[in-house]
Amino acid sequence: MKVVVVESPAKAKTINKYLGPGYEVIASFGHIRDLPAKDGSVDPEQDFSMLWEIEAKASKRVSDIASAVKGSERLILATDPDREGEAISWHILEALKARRVLKDVPIERVTFNAITKDAVKEAMANPRQIDQALVDAYLARRALDYLVGFRLSPVLWRKLPGARSAGRVQSVALRLVCDREREIETFVKREYWSLVATLATPANALFEARLVGADGRKITRLDIGKGEEAEAFKRDLDAARFTVANVEAKPARRNPSPPFTTSTLQQEASRKLGMAPARTMQVAQRLYEGADIGGETVGLITYMRTDGVDMAPEAIASARKTIAKEYGDRYVPTTPRKYVTKQKNAQEAHEAVRPTDMGRLPAQVAKFLEPEQAKLYELIWIRTVASQMESAELERTTVDITAKAGGKTLELRATGQVVKFDGFLKLYQEGKDDEGDDEDSRRLPPMKTGDDLRKEKIEANQHFTEPPPRYSEASLVKRMEELGIGRPSTYASTLAVLKDREYVRIDKKRLHAEDKGMLVTAFLESFFDRYVEYDFTAGLEGDLDRISNSEIDWKEVLRRFWKDFSAALDGTKELRVSEVLDSLNEIMGPHIFPQKADGGDPRLCPTCHSGQLSLKLGKFGAFIGCSNYPECKYTRQLSAGSGDGEASSADGGAGGTKTLGKDPATGLDVTLRDGRFGTYVQLGEGEKPKRQTIPKGTPRDAIDLDFAVSLLSLPREVARHPTSGEPILAGIGRFGPYVQHGKVYANIGKDDDVLTIGGNRAIDLIVAKESGAGRFGRSAATAGRVIGDHPDGGPVTVHDGKYGPYVKHGSVNATLPKTMAADAVTLEQALELIAARAAAAPPKKGAKKAAGKAPAKAAAKSKAAGAKAAKAPAKAKAPAKAKSAADGKAGAPAKRKAAG
């Protein structure tokens, strides 16, 4: 028997069908070993020796693999064809060597870019050995990420309370978001005017032309900066006579985009399907591993972690054949298209992401797939086929117009575009992050030189320049790729870490830097500037590529890095809090103290009117305080918030708060304020005015008088208990929104609104809590949502638990990775998680022995044990281990908590 090891059960199931009898295919469920989450797992003093341990949940899987390998004919390692896949194979081999089960068993390494019968059999016919250079590149990356995560994060915890973590790639990606936030905050808008004439041809066809010159002087977009100047041009144009001076039509061609890489797939899926990068990779992984299409399990796409844009010759030929069949020979170019990547430091180790069979049309496979899978497959198929289609043929027309007004000569221009042959545009057009009005895409009516034009109207329009847009997930991935930061396997996980650490938030598909993210970036720029520089990080990625090409020793890269990095760490040991605050105040100034509209001092304390506001560090993080403390106790959160003055805290003064209006019932002022622990609304003044916390996630600009009054009316009665007849109240407490009946409290889920929750829903939550449906009101954890049946019988359900969503079968509960949404988890994903959890569960000690004991004896033993425990001194609780982590492979089980 030949033993084949792959990563996932789905992949194992598909490959097992292809290989048939004589092979046993086993899943490792990803990595089996990792660096322990403790200091010393990478030791620079011992030439960067690395301490690996088999994870608890992987121990049984390693035992299963070891048992299968004993006496086997051959061990074939068939993990993914990239550095991470090579590393998984290496870890498996090292673990088996440690157990001494290999002996004379031959070992082979095979890779395939697609899980199809032909690809798998060809790979089996051409085995190789483990590529140590790829393993070394993996080891270097893990060591670098570990050293940064475990050495830099503690510095943050000591010097910047409230900070979560730092990471080699994570912190640089965060800097991109924060730099853009600063650009927006310091942006000064500039006024400009445009003049547009609506004109009619001799045939009465209307079109628009823009003013581009006056008396031989070229006028660009920002040249007309005042309304008076614009009005003068408008008067001249109103009195002018318009003539076509020149008509120029030029042919043009537009070529298709290359097929998808990991990065471009994530970008387009975000733009067109609204899928986050992490979700895109999860869905793509399942398309790669295979789906049951008409009774045959087959991989639908090639490997989805790649920066290559080329395709195999047979794939190109298949695409051209499909184009001819579906769209006609006119859409097939004379020669096949070849693409070369322009990405910095691209490895191009694999083909582009493409369908394994171009003839498998999206409409044909959609009925076999889940909705998200079908949409992503269609996107990949369309992009791939379009990449081999004929270019679009266009005609771009430019019309120059002369306007004579007295002794002045004004020049206008109209542009347009006509598609003569749609080519690849018939199938696909790439999305944009920032859509805008494209004048070139307009079609102009026929006209010729010398035609007189009739004026319909002249418009002078005021505009203001706008700051650069915040990054979307797609545009951030694109920028990281352009700079050479990270690699295809790390983009999704890096973005997920930034969101999990609450360094950024997503609002209307844009990444907003949170205050804690801005603070971490400012701290790193002040004291570890080199390690958040874009070029430095890209240079390290280049070194990793050189290691994988056997051009440089991996430990030499680590030695060079550690020499300077350790010196930078040592430089912060004597760093005083005052030095940290001085640096942060300088860098963060424009963010936390924006200029006031009235020109006043943005740092003047609004309570004592003499102290200066500055950044302070407290036990729970950073806040703004007055220099006259303790006489003046004014404090607030970092962001000024409303923009119309400083918002005061609960123990600060009332100066500078935002007044929302008068309470209709009492006539008192309703104000919006920022306290150290969050934003809240307040009714009136006095020693103990009524206050209410703003629910988490509520945009500040959505808080108006009606909303504030509704919050201040809490708690409110929403129903009467069906048994006791007592009221059930809804309110907001220390732990968030809740419903209450007597002394029973049940938390309100994120899908419910405390202001609108109905009586039936409130009764359900209370009754579930009173019936013991779970602590903290987790009634959803009891009911669950059935997503299918387990092969062994019984339903598989998904629940919302105290520590996050999880799936359940029988007594086995498996937590969902943070990148997997509870409402999108599929039965196949759930089965994999449940199987992994069941495999990792340790057997209950003494279970068989205890089963045979008499009840009386067991009870006596239990009583004795209890007495012994009561006498024994309490053991000191071990300190919590520091959690750290690095950039990981997207889609792998979440196992490291630090920065990547």
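Analysis parameters
- Residues numbered from 1 in each chain as written.
- Predicted model: local features only at pLDDT ≥ 70, side-chain atom pairs only at ≥ 80, totals over all residues.
- Heavy atoms only, no water.
- UniProt positions renumbered as here; feature names shortened; annotations may be inferred.
- Helix = DSSP H or I, 4+ residues; strand = E, 2+ residues; numbered from the N terminus.
- Polar contact = N/O pair within 3.5 Å; in protein donor to acceptor, adjacent residues only side chain to side chain.
- Pairing = 2+ DSSP bridges.
- Phe/Tyr/Trp six-rings, centres within 6.5 Å; stacked < 30°, edge-to-face > 60°.
- Buried < 20%, exposed > 50% of the residue type's maximum accessible area, 1.4 Å probe, protein only.
- Lys NZ or Arg CZ within 6 Å of the ring centre and 35° of its normal.
- Axes fitted to C-alpha atoms, helices over the stretch in contact; angles between N-to-C directions.
- Contact = heavy atoms within 4.5 Å.
- Arc of directions from axis to C-beta.
- Core = buried A, V, L, I, M, F, W, Y, C linked by side-chain atoms within 4.5 Å.

A. Looking closely at the UniProt feature "active site" (unreviewed entry) in the protein chain. Residues annotated in UniProt with the feature "active site" (unreviewed entry) correspond here to Tyr-303. Positionally, Tyr-303 belongs in the loop between strand E14 (296–298) and helix H10 (313–327). Of the polar contacts made by the side chain of Tyr-303, one reaches the side chain of Asp-80; its length is 3.2 Å.

B. Seen up close, the pairing of strand E15 (residues 392–405). Note that strand E12 (residues 241–254) and E15 share 13 bridges and pair antiparallel. If you follow Glu-248 over to E15, its bridge partner there is Thr-398. Where E15 lies against strand E16 (residues 408–421), 13 bridges are found, and the strand directions are antiparallel. Bridge assignment links Leu-394 to a residue of E16, and that residue is Val-419. The turn linking E15 back onto E16 is made up of two residues, and Gly-406 within it adopts a positive phi angle of 65°.

C. Region of interest: the packing of aromatic side chains. For the structure on display, the rule yields 14 aromatic pairs. Judged by centre distance (4.5 Å) and plane angle (25°), the ring pair of Tyr-146 and Phe-150 falls under stacked. Highlighted residues: Tyr-146 and Phe-150, both in helix H5 (residues 132–159), separated by four residues, approximately one helical turn. In terms of burial, Tyr-146 and Phe-150 fall into one category: buried. Here a set of aromatic residues connected by ring pairs shows up, and it is made of Phe-528, Tyr-531, Phe-536, Phe-561, Trp-562 and Phe-565. Just above the ring of Tyr-471 sits the side chain of Arg-180; from NZ or CZ to the centre is 4.3 Å. For the cation-ring pair, Arg-221 lies above Tyr-192, with the distance from its terminal atom to the ring centre recorded as 4.9 Å.

D. Up close: the environment of Lys-97. In this fold, Lys-97 is placed in helix H3 (residues 83–98). A relative accessible area of 46% places Lys-97 in the partly exposed class. Separated by 31 residues in the primary sequence, Lys-97 and Ala-66 have C-alpha atoms spaced 9.6 Å apart.

E. Structural detail: unusual backbone geometry. A cis amide bond links Tyr-629 to the next residue, Pro-630, at an omega of 15°. Along the chain, Pro-630 falls in the loop between strand E21 (621–626) and strand E22 (635–636). Residue Pro-715 is reached from Leu-714 by a cis peptide bond, and omega for that bond is -5°. Tracing the backbone through its elements, the reader meets Pro-715 in the loop between helix H19 (705–712) and strand E27 (716–720). Look at Lys-509: it is not a glycine, yet its phi comes out positive at around 65°. Summarising the element assignment, Lys-509 is placed in the loop between strand E18 (504–507) and strand E19 (510–513).

F. Spatial organisation of the sheet that holds strand E32 (residues 795–801). One open sheet holds the four strands; their spatial order is E31-E32-E33-E34, and the pairing between them is antiparallel. Where the open sheet ends on each side, the last strands, each with one partner, are strand E31 (785–789) and strand E34 (812–815). Looking at each pair of strands side by side, their axes are set apart by 30° on average, direction ignored. Both strand E33 (residues 804–809) and E34 contribute to a ladder of four bridges, which runs antiparallel. Counterpart to Lys-808 in the pairing with E34 is Asn-813. Here helix H22 (residues 827–840) sits on the sheet and contacts E31, E32, E33 and E34; the angle it forms with E34, its principal contact strand, is near 110°.

G. Just H19, in detail. Restricting attention to buried positions, one finds in H19 the residues Phe-707, Ala-708, Leu-711 and Leu-712. Viewed along the axis of H19, the buried residues span an arc of 135°, placing them on a single side of the element.

H. Main features of the nonpolar core. Among the nonpolar cores identified, the biggest contains 101 residues, and Leu-75, Leu-96, Met-480 and Phe-523 are the most heavily contacted of them. Per-element tally for this core: the top contributor is H5, with 14 residues. Dropping the residues within four chain positions of it, Leu-75 is found in contact with Val-3, Val-5, Val-69, Leu-96, Leu-102, Val-105, Pro-106, Ile-107 and Glu-108. Ile-15, Tyr-18, Leu-394 and Ala-492 belong to the second largest nonpolar core, which has 60 residues in total.

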